[in-house]
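An overview of the molecular structure
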Amino acid sequence: MGNLLGGWRFKEPSTVEECDSTWGSDSESDEPPAAEDDSGIFDPLGPPESERFPAEPGATSPQLTDSPESLPKMKRSFYAARDLYKYRRYKRSRQPCEYRNLRFYLNKIPLVPDGIYIEEILTQWRGDYDKLEHNHTYIQWLFPLREQGLNFYAYELTQDEIKEFQSTREAKKRFLAAYSLMLDFYGIKLLDKTGNVARAPNWQERFQHLNESQHNYLRITRILKSLGELGYESFKAPLVRLFLEESLYHNTLPNMTHSVLEYYVYTIRLPATRRRLLRYARQHYRPAHAFLWGPPSKRRTGGGFSTGAGSSGIRAPAPTPEQQRREERSTAFTRGGIIVSSYDAMMCQDLVGAGLGSSVNRLDGALMFGSARGLRNEYNEVISL
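Being a predicted model, the structure only gives us computed values, none of them experimental. Counting restarts for each chain, with residues numbered from 1 along the sequence as it is written. Local features in this predicted model are restricted to residues of pLDDT 70 or higher, and side-chain atom pairs are both shown and tallied only at a pLDDT of 80 or more, whereas totals for entire chains, interfaces and linings draw on every residue. Water and hydrogen atoms play no part in the side-chain values, which are based on all heavy atoms of the structure.

**Let's talk about the overall build of the protein**
Only DSSP runs of H or I reaching four residues or more are called helices, and only runs of E reaching two or more are called strands; each is numbered from the N terminus. Each helix and strand in the protein was counted, giving 19 helices and six strands. Here the protein holds 385 residues, and 49% of them are scored as buried. Of the contacts formed within the protein by residues at least 6 apart in sequence, a portion of 75% connects residues at least 24 apart. When the accessible surface of the protein is totalled, it reaches about 19300 Å², and 52% of it is carbon and sulfur. A 1.4 Å probe rolled over the protein chains alone gives each residue an accessible area, and that area as a share of the maximum for its type sets the label: buried under 20%, exposed over 50%, partly exposed in between. Pairs of residues are marked as contacts when any of their non-hydrogen atoms sit within 4.5 Å. Per-residue and other accessible areas were derived by the Shrake-Rupley procedure at a 1.4 Å probe size, with only the shown protein chains allowed to occlude residues.

**Digging into the pattern of salt bridges**
Criterion for a salt bridge: a side-chain nitrogen of Lys or Arg within 4 Å of a carboxyl oxygen of Asp or Glu. Scanning the entire structure with this criterion turns up 13 salt bridges. Residue Arg76 is joined to Glu262 by a salt bridge in which the shortest nitrogen-to-oxygen separation is 3.6 Å. Here Arg76, found in the loop between α3 (49-52) and α4 (78-88), pairs with Glu262, found in helix α14 (residues 257-264); they are 186 residues apart in sequence, far enough to count as distant. Where Arg269 meets Glu233, a salt bridge forms, and the shortest distance between an N and an O atom there is 3.2 Å. Taken as a pair, Arg269 in the loop between α14 and α15 (271-284) and Glu233 in the loop between α12 (216-229) and α13 (236-249) lie far apart in primary sequence, 36 residues in all. Glu233 sits in the buried class, given a relative accessible area of 13%.

**Here we look at the nonpolar core**
It is characteristic of soluble globular proteins that their nonpolar side chains tend to be buried jointly. Nonpolar core, defined: a set of buried Ala, Val, Leu, Ile, Met, Phe, Trp, Tyr and Cys residues in which side-chain atoms within 4.5 Å join the residues together. One finds Leu142, Phe243 and Tyr264 to be the most contacted residues of the largest nonpolar core, which totals 73 residues. With eight residues, the single largest contributor to this core is helix α10 (residues 169-185). Apart from residues lying up to four places away in sequence, Phe243 is in contact with Ile188, Leu210, Ile220, Leu253, Met256, Val260 and Tyr264. Residues Val16, Cys19, Phe78 and Ala81 belong to the second largest nonpolar core, which totals five residues.

**What to know about the packing of α13 against α15**
Packed helices, taken two at a time, are described by their axes: the angle between them and the distance between them. Orientation is described by axes fitted as lines to C-alpha atoms, over the contacting stretch for helices, and by angles from 0 to 180 degrees between their N-to-C directions. Direction vectors running N to C along α13 and α15 enclose 10°, while the axes themselves pass 10 Å from each other. One element, α13, and the other, α15, form an angle in the roughly parallel class. When α13 is examined against α15, the residues Ala237, Val240, Arg241, Leu244, Glu245, Leu248 and Tyr249 are found in contact with a partner set consisting of Thr273, Leu277, Tyr280, Ala281 and His284. Under this grouping Gly is polar, as are all residues other than the nonpolar Ala, Val, Leu, Ile, Met, Phe, Trp, Tyr, Cys and Pro and the charged Asp, Glu, Lys and Arg. Tallied by class, the residues present in the contact of α13 with α15 amount to eight nonpolar, two polar and two charged. Every angle not falling under 35 degrees, over 145, or within 65 to 115 is termed oblique; those three ranges are roughly parallel, roughly antiparallel and roughly perpendicular.

This is the structure in structure tokens:
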């Protein structure tokens, strides 16, 4: 019986629509009640932008003047949708719980491979933007997840460790300090204990850097995921909302638009909160007809109305027989190897394609090892760095 259950696997989603439950219980005219939302945002759209940020001379909402025919046809990423689908659903870790992430946050062990303690990072790294930008090993320790990242020296969270972390005041205090540290790096300040955020005094300089330093978008995805893992789910929506305003309305972070809509929104577990953010985004997205993130169109079938293919209808590529055989021979890597999420694997390819491969290859220790070995995606295919 145990062998039978051990060999059984959940059916993987095969389309973007199967991964996205945002609009599953929504009608265009219905607004979810306030009690349904745990995001920390009580007004569906929040205060007008003109009240939150003073208008700048000559500033206008970004517009694209190209005709619909001249614009490239865009599709949603199946790999991004599946990665966030898996994140939003509970998955128990099978690794033994050694509480390494908690012990790191209690200042009892340093991060590996650099040998730096959390207190040193919190007290000496704030404002050292060059160090925060060019060091690539600390982010997995500051924001742990129940999935392996690119630093195989970092440890995945376990459910027992999460419970212990959430009940440890010292660890939670340092975690919020680490979150504030990274927000400052991005030109944002944490306003209160409910997660509200706003532009920092140096926002112009930092936003310009963030708009041009797109590898930080991967870091932000990890930060948002980690907030949810460690009990700060309600902190996500204010940050995502700010990024939507800056990228779509103020046009200060135009390069971030795709990441906000494709990744950041979908780290939020509550569908009602995702709908509110996407409704706001749809109001300001240009050109409006190219908005891919719902609500899905309806089409009539033989038995009535049904949800259409929606934004993409992209199906996962089926593994070849050879790939299936390799997967059967190699189940999971031990600490001598590396496991990466589909998101990490896809973004590694994007970084190399964008000319950022050199910075990835300069990672110390674990990342150099991962570069030599290569990464493997969900079909056990090697992706060289």
